[in-house]
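Observations on the three-dimensional arrangement
Okay, here's what each chain looks like letter by letter:
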Amino acid sequence: MRTTIILKTASNYLLPVLLVFSIFILLRGHYLPGGGFVGGLIASIAFILHSFANGLNKTKELLIVHPGFLLPIGLAIAFMSGLAPVVLFDLPFMTGLWSHDPVAILGSVGSALFFDIGVYLVVNGVTLTIIFTISESA
Amino acid sequence: MTQQLILYPLFLQMAISIILMFGWSRIGFQKVFSVFGSILSVGLAVWLFSYIWTNGTQTIQAGNWEAPFGITFVADMLSVTLVLLTAISGLAVSIFSGGSVLKDRLRFGYFPILHFLLLGLNGAFLTGDIFNLYVWFEIIIISSFVLITIGGEKAQLEGAVKYFTLNILASMIFLTAIAVLYGITGSLNMADLAQQVALVENRGLVQITALLFLIGFGIKAGVFPLYFWLPASYHTPPFAVSAIFGGLLTKVGVYALIRVFTLIFVNDPFLNNIILIIAILTLISGGIGALVQNNMRKVFSYLIICHIGYMIAGIGMFTEMAIAGAVFYLVHDIIVKTNLFMVSGVVYRIKGTNSIRDLGGIYANWPRVSLLLFIPLFSLVGIPPLSGFWPKINLIKAGFAGGSYITVGAIIFASFITLVIIAKLWAEVFWKEGKELPLRSNFGYFSKMTTAKRLQFIVPVTFLSIVSLYIGFGAEHIQELSARIADELVNSQGYIDAVLKPKN
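Residues numbered from 1 in each chain as written. Chains lettered and ligands numbered in written order. Predicted model: local features only at pLDDT ≥ 70, side-chain atom pairs only at ≥ 80, totals over all residues.

Where an unreviewed UniProt entry is consulted, chain B appears under the name Na+/H+ antiporter subunit D, with the organism given as Christiangramia sabulilitoris. Its UniProt record gives chain B a comment under Sequence similarities (unreviewed entry), which states: "Belongs to the CPA3 antiporters (TC 2.A.63) subunit D family." (UniProt positions renumbered as here; feature names shortened; annotations may be inferred.)

Per an unreviewed UniProt entry, chain A goes by Na+/H+ antiporter subunit B and derives from Christiangramia sabulilitoris. The record held by UniProt for chain A lists under Subcellular location (unreviewed entry) the comment "Cell membrane". Regarding chain A, the UniProt comment filed under Sequence similarities (unreviewed entry) reads as follows: "Belongs to the CPA3 antiporters (TC 2.A.63) subunit B family."

This is how it looks when you write it as structure tokens:
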């Protein structure tokens, strides 16, 4: 695949910017529109753009692990965040647990944040797995 | 801790799936762990069952939001019975999968998806919120899409397209029905809906909504005239997948029908009559469809449809005895249908084909295996004292009590036709002189398998046969159980109180 040098250069700068932006969206989902799902999509866009510009193999080197591996990790984190109230306080599944003192930048941290992080990883993993599989077989 | 017990089956299946996904490419590990997890889930289901049996209906509010607003999980006798049956069939299919599903399929996450399917089934049985029910249905159908297409053979994809189209349609109708219901009452909690719907003035609107639910669940359950996707797709995937589909997927539709039409839309002769008519047509058309098929799995697919009719008839008659019959049939049917598809899997491995015309001579070569396969086949027919016999007595009695003689006629007709089909099948497949079939190269014939591999086929069939025999010979227990379930379903105030009036 032929790519322009402009895209190639831009993608190297865009990758970190998009990743930071995706994390911003993830955290913003706390009180405002955003959250794990859309954050995960943005993060996967960052990698997909990188793979368009530099080829799939370069992106795979960058990722180290296969994106499919993010699925069980994300699911496990989300599942734990639901289980935490059951195990720790004997409250019903998925009860929101919140810290009393707000953390700087983030605001108050609760189990919902970890659920969102789980969603973020799962969405990222699924999208990348799908796109990589399609572009490998194409 | 015990209040959370309701959710433990869900936690367990979720945890099994996640752990299996960590071992994505290690098939050996997945086989062992899936069986191990399934054994645990049977234990857990037995625990839950006995807890509910002694303590009555239990509820829990996920997220700790109060009842009409939060998502309620309710475990009444019907739910926990189905959770137990799911666990039992799940265990059998998990063992069977290890032996019968090809490595190429297992490599693509067969086992994690199988456990996601079981998670969805458990969730659908335990939830007390109609929108949440929809979400579990989605989990079930997404998992089933993967299972039905995994492997990607041409016939499989063809079946999957039909399966996919009609199930998506059913989901959309179901979702529309929920939207209308929410528009009328402003609630999604099933117990709350039961109270709200009774107060609605505009009965016509309620009936239309009920019909939407009937169509949506009817497609999933495979009732007349919405069943055509079922025989078109169930014979294509691997046998283990057919087994779990045949045993449990249509039954979720039946469960949803039972739940909705005993709790929310009740005391409506118009609806009950429609359900009865559908039941009669399902019994007749399914039975006749099965008569003309040549592929063993297609015969069983049509028999699934035919026998769904019994359960729907039970809902339609809507007396305590009829519902007890329907529930008893449900218990019997889940075990037997799962087993039948595994039986066809064993036959396929012995002879390399599933075409009834070509099969034959199995009894002469494999007498002991044949006798084992005899049990599920004739349990289905319901030759007393095998398990299919008892629920029909309930249904026929209820039919006579209610004066619906056409229903009784249809039930007897369907039983008779099942007898004819199974007798023909037995004669053709097991007794007839076997033809010399051309040997297939690279095919794992039963005769060439090691004993350990054979056990993976025989153990699950034996296990479910024993359960069927228990349902037949211990019919008194199951009858007591179904009578209790029917009592809970007909007097739904207990369910409503359990959800809306927490004990503390």
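Still more to cover.
A few words on the overall build of chain A. Across its full length, chain A carries five helices and zero strands. For chain A, the N- to C-terminal ordering of α and β elements is α-α-α-α-α. Along the longest, intermediate and shortest principal axes, the C-alpha atoms of chain A span 55 × 30 × 20 Å. Taken over 138 residues, chain A has a buried fraction of 35%. Put simply, of all contacts in chain A between residues at least 6 apart along the chain, 68% involve residues at least 24 apart. (Helix = DSSP H or I, 4+ residues; strand = E, 2+ residues; numbered from the N terminus. Buried ≥ 20, exposed ≤ 12 C-beta atoms within 10 Å, placed from the backbone. Contact = placed C-beta atoms within 7 Å.)

Moving on to the UniProt feature "transmembrane region" (unreviewed entry) in chain A. Residues annotated by UniProt as "transmembrane region" (unreviewed entry) correspond here to residues 12-31, 37-56, 68-89 and 109-134 of chain A. The span residues 68-89 of chain A is 91% helix and 0% strand, and its two end C-alpha atoms sit 33 Å from each other.

A few words on the UniProt feature "domain: Na+/H+ antiporter MnhB subunit-related protein" (unreviewed entry) in chain A. Per the UniProt entry, the sites bearing "domain: Na+/H+ antiporter MnhB subunit-related protein" (unreviewed entry) are residues 6-128 of chain A in this numbering. In this annotation, residues 6-128 of chain A is assigned 72% helix and 0% strand; the end-to-end C-alpha distance for the span is 24 Å.

All names here are of chain B. The end-to-end C-alpha distance of helix α12 (residues 269-291), which contains 23 residues, comes to 33 Å, matching closely the 33 Å that a straight helix rising 1.5 Å per residue would cover. Taken together, the buried positions of α12 are Leu 271, Ile 275, Leu 276, Ile 278, Ala 279, Ile 280, Thr 282, Leu 283, Gly 286, Gly 287, Gly 289 and Ala 290. Packed against the buried residues of α12 are α9 (203-221), α10 (229-233), α11 (239-263), α13 (296-317) and α18 (405-431). (Expected span 1.5 Å × (residues − 1).)

The next thing to look at is the interface of chain A and chain B. Listed by partner, the interface residues are 14 residues for chain A and 14 residues for chain B. Considering only residue class, the side of chain A that touches chain B consists of 11 nonpolar, two polar and one charged. (Nonpolar A, V, L, I, M, F, W, Y, C, P; charged D, E, K, R; others polar.)

Another point: the confidence of the model for chain B. Averaged over every residue, the pLDDT of chain B is 90; residues scoring 70 or more account for 99%. For this predicted complex, the interface confidence reaches an ipTM of 0.90, while the overall pTM sits at 0.94. (pLDDT = per-residue confidence, 0-100.)

Moving on, we get to the nonpolar core. Core analysis: the biggest nonpolar cluster contains 207 residues, and Leu 257, Ile 312, Ile 315, Ala 326 and Val 327 of chain B have the highest contact counts within it. The element contributing the most residues to this core is helix α14 (residues 320-351) of chain B, with 20 residues. (Core = buried A, V, L, I, M, F, W, Y, C linked by C-beta atoms within 7 Å.)

With that settled, consider the packing of helix α1 (residues 8-22) of chain B against helix α5 (residues 110-126) of chain B. Residues and elements named next belong to chain B. With their axes 8 Å apart at the nearest point, α1 and α5 run at an angle of 165° to one another. What the angle tells us is that α1 and α5 run roughly antiparallel. The chirality of how α1 crosses α5 is left-handed. Of α5, the residues touching α1 (which contributes Pro 9, Leu 10, Gln 13, Met 14, Ile 16, Ser 17, Leu 20 and Met 21) are Phe 111, Pro 112, His 115, Phe 116, Leu 118, Leu 119, Asn 122 and Gly 123. Classifying every residue of the contact of α1 with α5 by side-chain character gives 11 nonpolar, five polar and no charged. (Axes fitted to C-alpha atoms, helices over the stretch in contact; angles between N-to-C directions. Parallel < 35°, antiparallel > 145°, perpendicular 65-115°, else oblique. Left-handed = near helix turned anticlockwise from the far one by under 90°.)

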